[in-house]
Amino acid sequence: MGLIPDETISEIRERADIVAVIGQHVELKKAGTNHKGLCPFHQEKSPSFSVNGDKGFYYCFGCQQKGDVFSFVMEYEGKSFVEAAESLAGQLGIMIPETGASSEQTAQRRSEKSQMLEVNKLATEFFRGQLAGADGEKGRKYLKERGIGQEQVEAFQLGYVPEKWQLLTDFLQARGVDLQVAERLGLLKRNKSNRYYDFFRDRLVCPIANTSGDIVGFSGRSLATGEAAEKAGGKYVNSPESAVYKKSKLLFGIYQARDAFRKAEHCILVEGNFDVIRLHEHGFRQTIAPLGTAFTDDQALRIKRLVGQAILLYDGDRAGRAATLKALQILLAQDVSVKIASLPNGEDPDSLIGREGPEALQQVLSRAQPAIEYFIHEVWVRADRSAEGRAKTLVEAAQVLRSISDPTQRDFAVGTLATALGVENATLRQGLRRALQNLREPRRSHQNPQQRHMDPQSQIGNNNREMAPKRPPPKPQLDIICILAEFPELLADAETQDVLSYLTDSRLRDMYTAAKEGKPMLSVTDDPGIAKALLSGAFSGVASPSHCLEEAANTLKYAQQMREMAKLQKQIEEANRRGDTELERQLIREIMLLRKQVD
Ligand SMILES: [Zn+2]
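1. Comments concerning the overall build of the protein
Inference 1: When you go through the protein residue by residue, the secondary structure sums to 27 helices and 17 strands.
Inference 2: Relative to its full complement of 599 residues, the protein shows a buried share of 37%.
Inference 3: Within the protein, residue pairs in contact and separated by at least 24 positions form 62% of the contacts whose partners lie at least 6 positions apart.

2. Regarding the nonpolar core
Inference 1: Ranked by size, the top nonpolar core spans 96 residues in total, and within it Leu 269 and Leu 312 carry the most contacts.
Inference 2: For this core, the element with the highest residue contribution is helix α17 (residues 387-401), accounting for 7 residues.
Inference 3: Residues contacting Leu 269, with those up to four places away along its chain left out, are Ile 288, Ala 289, Ala 310, Ile 311, Leu 312, Leu 313 and Ala 327.
Inference 4: Core analysis: the second largest hydrophobic core is formed by 23 residues, Cys 39, Phe 49, Val 69 and Val 73 among them.

3. Considerations on the sheet that holds strand β11 (residues 236-238)
Inference 1: Here 4 strands make up an open sheet; going across it, the order is β6-β9-β10-β11 and the pairing antiparallel. Strands with a single pairing partner mark the edges of an open sheet, and in this sheet they are β6 (159-161) and β11. Each neighbouring strand pair of the sheet contributes to a mean axis angle of 30°, computed without reference to strand direction.

4. A look at the pairing of strand β10 (residues 215-222)
Inference 1: Most of β10 is tucked away: 7 of the 8 residues are buried.
Inference 2: Alignment of strand β9 (residues 203-209) against β10, held across 7 bridges, turns out to be antiparallel. Bridge pairing in β10 links Pro 207 to Phe 218.
Inference 3: Hairpin connection of β9 to β10: 5 residues between the antiparallel strands, including Gly 213 at a positive phi of 95°.
Inference 4: By the bridge criterion, 3 bridges tie β10 to β11 in an arrangement that is antiparallel. By the bridge assignment for β11, Gly 220 is matched with Val 237.

5. Describing the packing of helix α22 (residues 475-486) against helix α26 (residues 545-578)
Inference 1: Closest axis-to-axis distance for the α22/α26 pair is 9 Å, and the angle between their directions is 155°. Between α22 and α26, the interaxial angle falls into the category roughly antiparallel. Note on packing geometry: the crossing formed by α22 with α26 is left-handed. Contacts between α22 and α26 involve Pro 476, Gln 477, Asp 479, Ile 480, Ile 483 and Glu 486 from the former and Pro 545, Cys 548, Leu 549, Ala 552, Ala 553, Thr 555 and Leu 556 from the latter.
Inference 2: Broken down by class, the residue content of the contact of α22 with α26 amounts to 9 nonpolar, 2 polar and 2 charged.

6. A look at the sheet that holds strand β16 (residues 337-340)
Inference 1: With respect to topology, 6 strands assemble into an open sheet ordered β12-β14-β13-β15-β16-β17, the strand pairing being mixed. Both edges of this open sheet fall to β12 (251-252) and β17 (369-370), since each of them pairs with a single strand only.
Inference 2: Bridge count between β12 and strand β14 (residues 287-290): 2 bridges; the pairing is antiparallel. Residue pairing for β14: Leu 251 is matched across the bridge by Pro 290.

7. Re helix α11 (residues 254-264)
Inference 1: Listing the buried residues of α11 in full gives Ile 254, Tyr 255, Gln 256, Ala 257, Arg 258, Ala 260 and Phe 261.
Inference 2: Looking one or two residues beyond α11, the residue adopting positive phi is Glu 265, at roughly 60°.

8. Concerning unusual backbone geometry
Inference 1: Look at Asp 202: it is not a glycine, yet its phi comes out positive at around 50°.
Inference 2: According to the C-beta neighbour criterion, Asp 202 is partly exposed, with 19 such atoms within 10 Å.
Inference 3: The backbone phi angle of Glu 265 is positive, close to 60°, even though this residue is not glycine.
Inference 4: Residue placement: Glu 265 occurs in the loop between α11 and β13 (267-269).

9. Side note on the confidence of the model for the protein
Inference 1: The share of residues in the protein with pLDDT of 70 or more is 88%, and the mean pLDDT across the chain is 83.
Inference 2: Note on residues 441-473: pLDDT is under 50 here. Beyond four places in sequence and across chains, it has 35 contacts.

10. Let's talk about the environment of Asp 298
Inference 1: Within the element layout of this structure, Asp 298 appears in helix α13 (residues 297-306).
Inference 2: When near neighbours in sequence (up to four residues on either side) are disregarded, Asp 298 contacts Ser 248 and Lys 249.

11. Focus: the packing of α22 against helix α25 (residues 528-535)
Inference 1: For the pair α22 and α25, the least separation of the axes is 9 Å and the interaxial angle reads 50°. With respect to their mutual orientation, α22 and α25 come out oblique. Note that α22 runs across α25; the crossing there is right-handed. Only Ile 530, Ala 533 and Leu 534 of α25 make contact with α22, whose side of the interface consists of Leu 478, Ile 481, Cys 482 and Ala 485.
Inference 2: Of the residues belonging to the contact of α22 with α25, the class tally is 7 nonpolar, no polar and no charged.

Each value, and the rule that gives it
- Starting afresh in each chain, residues are numbered from 1 along the sequence in its written order.
- Side-chain atom pairs in this predicted model are given and counted only at pLDDT of 80 or more, local residue features only at pLDDT of at least 70, and totals for whole chains, interfaces and linings cover all residues.
- Secondary structure follows DSSP: runs of H or I at least 4 residues long count as helices, runs of E at least 2 residues long count as strands, and numbering of each begins at the N terminus.
- With C-beta atoms placed from the backbone, a residue counts as buried when 20 or more other C-beta atoms lie within 10 Å of its own, as exposed when 12 or fewer do, and as partly exposed for counts between those limits.
- By definition, residue pairs are in contact when their C-beta atoms, positioned from the backbone, come within 7 Å.
- The term nonpolar core means buried Ala, Val, Leu, Ile, Met, Phe, Trp, Tyr and Cys residues held together as one set by C-beta atoms within 7 Å.
- The pairing criterion for strands is at least two bridges between them, as found by DSSP.
- Each axis is a line fitted through C-alpha atoms, and for a helix only the stretch in contact is used; angles between axes span 0 to 180 degrees, taken between their N-to-C directions.
- Every angle not falling under 35 degrees, over 145, or within 65 to 115 is termed oblique; those three ranges are roughly parallel, roughly antiparallel and roughly perpendicular.
- It is the rotation of the near helix from the far one that decides the hand of a crossing: anticlockwise by less than a right angle makes it left-handed, clockwise makes it right-handed.
- Residue classes follow a fixed rule: Ala, Val, Leu, Ile, Met, Phe, Trp, Tyr, Cys and Pro count as nonpolar, while Asp, Glu, Lys and Arg count as charged, and any other residue, Gly among them, counts as polar.
- A score from 0 to 100, pLDDT tells how confident the predictor is in each residue.

Below, the structure written as C-alpha cells:
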C-alpha cells in the first residue's frame, strides 16, 4: 500500500473517536471536558494522561507524550503511519483507495485480506479444539514436558493437530470457507488429483499474531517420532508468505508482550517461538522473537517504535553469536539501544531455565553487556589478523562505532579495538573513516558492493609495517638516571612517580637504589657507556629538570602499560583457545581498564 489520499486521512481523523480508540487500551474516566487515565507510555500510579475528544488529541502531563489518533495507534501498536491509517480505516469501515487500482479492485483486495484473517481465526479455533479434545493427548503431553502451562496455552492460543489428512479441510468446508483462500494461506495443499489435504499434521500449532492480535500465520512443531518424523518434512514448518503474513515484518509474541514492554521498558529478543513462550511462562513477558533466523530492519523499526530498548538473548553457540552480531548492527542502525546477555556455551534460554531455574536466567539478563563492550569482546575472540579479516572487521566496527554519539566513548572504543586488532589507533581511525564514508553512501555502494570492502582493506594493507610491536627505547631509563645524577633533589619526585618500577635494566636499578641510600651513583656501575652518559652533563642546562623527569617517567610508564597489554592479550588468546569464556571476559575487562588509563 502506497500513498493514502489526503481526503481519506481527513475522513479518518474526523470520524475516528479518539476516546473510543484509546479507550480500547486505557481505562478512561471523564474529567470535565476531557477524559483521564493512567498513561500507557510511562509507569504511573495516579492518572496524568488526558484525552480531549473534541479536539482529537491526547497529552500526558507526566511524560509529555502527545498526539492525535494516528500517533496513538503508531506509538501504542508500533505501526507505521500507513499501517495505523489502514487499521483505523478498517475499524471505521472507510475504504482506502489504492494508487493505480480501481475502487472495485481495492474493495476486492481488502475483502480478501479480511477473509484470510477470518479463515486463520477459524483454523486457530480448530487447532485449539483439537488440543483440548480427545485426540489432543499427544499435544498436551508435549506441552507438559516442555513446562508450558495452561495460562500460556491460552495467551498464545496454542493448538494441536493429530496425524490425519483432512481434519481441517473438512472443518473449513463445513463452515462454508472458500478452500482456495485456505490454500493461499498455506493451511491446505492440493494433491495430484486436485483434492485438498491438511498441511499441518501431527504438529503442535503456534499461531502468529500481529500487533493488533490478528492471527496472520502459523508455525507447526512436528511431534512425529521415528520413521514418521523423517517423512514429516521438517521439525518446524511455517505458513508461507501471503497477503497477511509477511515474515520479515512480524515478531513472534509481540501481541502478548505489548503490556510488559511498558513496564520493563525493554524487550528481550530470543531465537525461537518456544523460548518466547517459556520465558513468558516464567514472568519474562517482554520476550519476543524474529520469525526465522534473520533479523530485519523492519523488525528493528517495530521494536524502536514500541519500546526502544532491547536485550539480545540468543543461544550460546556459534550460530547464536553470529546471529547476535548481525541483529546488534541492525538494531543499532535503527537507534535501538541494545544490551547483550550471553548464555553459557551450549545453553539456550529454555535449557537454562530447565536446569537452573528462572533465577539463573535473571542473573544472565542482569549481567547483559552494553553493545560496544560485547562487540569489542567478539572482535577479540574472532580477530582474524589477516588483512582481509581486518578489513571485514573494520566495516563491521564502523557500523557499530558510528552509532556512538559520545565522542569520549567513541575514542575509547576505537582505542580498544585498535589493541584488539593489533593496529595503531591512527591506522584504525583512517580505516574507519573510509568504511564510514562507504556506509554513508549506501545507494551508490549497492552498485558496486566490492568497493566498500576494497577500501579499508587496501588501507590496512598499506600499513602492514605498523603491525610490529614497538620496543620501548632504553634511552628514557638512562635519562632518568642522568637527571637524578645531576639533580639529586628530584629523587623525592621520582619516588612519588614510582620510577623504580619502570626501570627494567638491572644496572640502572642498582644505581637508583644507591642514590636512595645516599651513595654516589657512579660507585655502583662499571659500565663505561653508562658512566660516560652520566658525566656528559646532558641535562645540566635544561630549564625544567622536573619536567624532563616526568616526561621520561611517562614514556616508561606507557611502555610498561603496552607490555602489560600485550601480555594480557596473549592470556586472552590462550583463554580463548581453551574455551574459558569467563576468564577471557575478565581479562578483556582488565585490558579495557588499562586502555582507559593509557588514553
Ligand atoms: Zn505518560
